[in-house]
Amino acid sequence: GAVVSQHPSWVICKSGTSVKIECRSLDFQATTMFWYRQFPKQSLMLMATSNEGSKATYEQGVEKDKFLINHASLTLSTLTVTSAHPEDSSFYICSARGWTGDQPQHFGDGTRLSIL
Amino acid sequence: DQQVKQNSPSLSVQEGRISILNCDYTNSMFDYFLWYKKYPAEGPTFLISISSIKDKNEDGRFTVFLNKSAKHLSLHIVPSQPGDSAVYFCAASVGGSARQLTFGSGTQLTVLP
């Protein structure tokens, strides 16, 4: 089945640091990737949608200068949390889908981000 | 405004019995529904989906039922197994699976041996 790899799985860093999270589709070309955020015991909240080669579309309330998304190839999207602060600590998950048929989104295993 | 609701945060079922997880939605534009299973510290794993043109979809032990008039869908797992213990999320989209998903808050299923 489709595999989406997300790296790193866990990051602990100091306040003010920028953190980059990678999302790769391993066995298919992902025209669209999605970035979600999940707070403890809450649902996944969509942050942004990125299409290969174009600017990401951010959901209302998500700061695009804070959460930089790059989707430079059909197999890789990155989310950079710039100048991270403790309130950015969360579980970030990406998903990807290919371009054929009515495929479901396949998710990575997520990145636990802890800002001290 | 929660457009997708899972009103039961948890459910316990005996092994071998049926598990029924419920999901309600408010947006009548939703036309594609999915169920995902999630273990702690992992991403959701796709289980089964259903288009709004159908009212039932079955895949092995998993069956999803859609009642459009009631804006309600359910996931049936039979027989339930201890390995099914996880958080189950329902999700919905407008325009098919390629579109952004709106998730429910999840239901923790515990299958007791």
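Residues numbered from 1 in each chain as written. Chains lettered and ligands numbered in written order. Predicted model: local features only at pLDDT ≥ 70, side-chain atom pairs only at ≥ 80, totals over all residues. Heavy atoms only, no water.

Engineer: Tell me about the interface of chain B and chain A, residues and numbers included.
Structural biologist: The interface of chain B with chain A comprises 19 residues on the first partner and 20 residues on the second. Across the chain B to chain A interface the summed buried area is about 1500 Å²; carbon plus sulfur atoms make up 55%. Between chain B and chain A we count zero salt bridges in total. At the junction of chain B and chain A, the tally comes to five residue pairs in polar contact (both at pLDDT 80 or more). Take the side of chain B that touches chain A: its biggest share by element is four residues, from strand β4 (residues 32-38) of chain B. Class assignment of the residues belonging to the side of chain B that touches chain A gives a composition of 10 nonpolar, six polar and three charged. (Contact = heavy atoms within 4.5 Å. Buried area = accessible area lost by both parts, 1.4 Å probe. Salt bridge = Lys/Arg side-chain N within 4 Å of Asp/Glu carboxyl O. Polar contact = N/O pair within 3.5 Å; in protein donor to acceptor, adjacent residues only side chain to side chain. Helix = DSSP H or I, 4+ residues; strand = E, 2+ residues; numbered from the N terminus. Nonpolar A, V, L, I, M, F, W, Y, C, P; charged D, E, K, R; others polar.)

Engineer: Run through the sheet that holds strand β8 (residues 76-81) of chain A, naming residues and quoting values.
Structural biologist: Residue and element names in this part refer to chain A. Taken in spatial order, the four strands make up an open sheet running β1-β3-β8-β7, and their pairing is antiparallel. Because the sheet does not close on itself, it has two edges, and the strands there are β1 (4-7) and β7 (67-73). Each strand axis lies, on average, 15° off the axis of its neighbour in the sheet, ignoring direction. By the bridge criterion, five bridges tie β7 to β8 in an arrangement that is antiparallel. Bridged to Asn70 within β8 is Thr78. (Pairing = 2+ DSSP bridges. Axes fitted to C-alpha atoms, helices over the stretch in contact; angles between N-to-C directions.)

Engineer: Summarise the pattern of salt bridges; cite the residues concerned and give the values.
Structural biologist: Residues and elements named next belong to chain A. Throughout the structure, instances matching the rule amount to three salt bridges over all chains. With a shortest N-O distance of 2.8 Å, Lys66 and Asp88 are connected by a salt bridge. Taken together, the residues span a long stretch of sequence, with Lys66 in the loop between β6 (57-58) and β7 and Asp88 in the loop between β8 and β9 (90-97) at a distance of 22 residues. On the basis of relative accessible area, Asp88 is assigned to the buried category, the value being 6%. (Buried < 20%, exposed > 50% of the residue type's maximum accessible area, 1.4 Å probe, protein only.)

Engineer: Can you tell me about the sheet that holds strand β6 (residues 56-59) of chain B, naming the residues and giving the values?
Structural biologist: Across the sheet, five strands lie side by side as β1-β3-β8-β7-β6 (chain B); this open sheet has antiparallel pairing. The strands lining the two open edges of the sheet, one partner per strand, are β1 (4-5) and β6 of chain B.

Engineer: Which residues make up the pairing of β8(A), and what values go with them?
Structural biologist: All names here are of chain A. Burial analysis of β8 places five of its six residues in the buried class, which makes it a mostly covered element. As paired elements, strand β3 (residues 19-25) and β8 share six bridges and run antiparallel to each other. Within the sheet, the bridge partner assigned to Glu22 lies in β8 and is Thr78. In this antiparallel pair of consecutive strands, β7 and β8, the connection spans two residues.

Engineer: Mind laying out the state of the cysteines, listing which residues take part and the relevant values?
Structural biologist: Working definition: the covalent bond between the sulfur atoms of two cysteines is a disulfide. One pass over the structure, following the stated rule, counts two disulfides over all chains. Each sulfur of the disulfide joining Cys23(A) and Cys94(A) lies 2.0 Å from the other. With the S-S dihedral at roughly 80°, the linkage between Cys23(A) and Cys94(A) falls on the right-handed side. Of this pair, Cys23(A) sits in strand β3 while Cys94(A) is found in strand β9, placing the two residues 71 residues apart along the sequence. In this structure Cys23(A) comes out as buried when scored by relative accessible area, which is 0%. Residue class for Cys94(A) comes out buried when judged on its relative accessible area of 0%. Between the sulfur atoms of Cys23(B) and its disulfide partner Cys90(B) the distance amounts to 1.9 Å. Note on the Cys23(B) and Cys90(B) pair: the S-S dihedral is about 60°, so by sign convention the disulfide is right-handed. Within this pair, whereas Cys23(B) is found in strand β3 (residues 19-25), its partner Cys90(B) is found in strand β9 (residues 86-93), the two being separated by 67 residues in sequence. The thiol sulfur of Cys13(A) is not disulfide-bonded, and the nearest other cysteine sulfur, from Cys94(A), lies at 18 Å. (Disulfide = S-S within 2.5 Å.)

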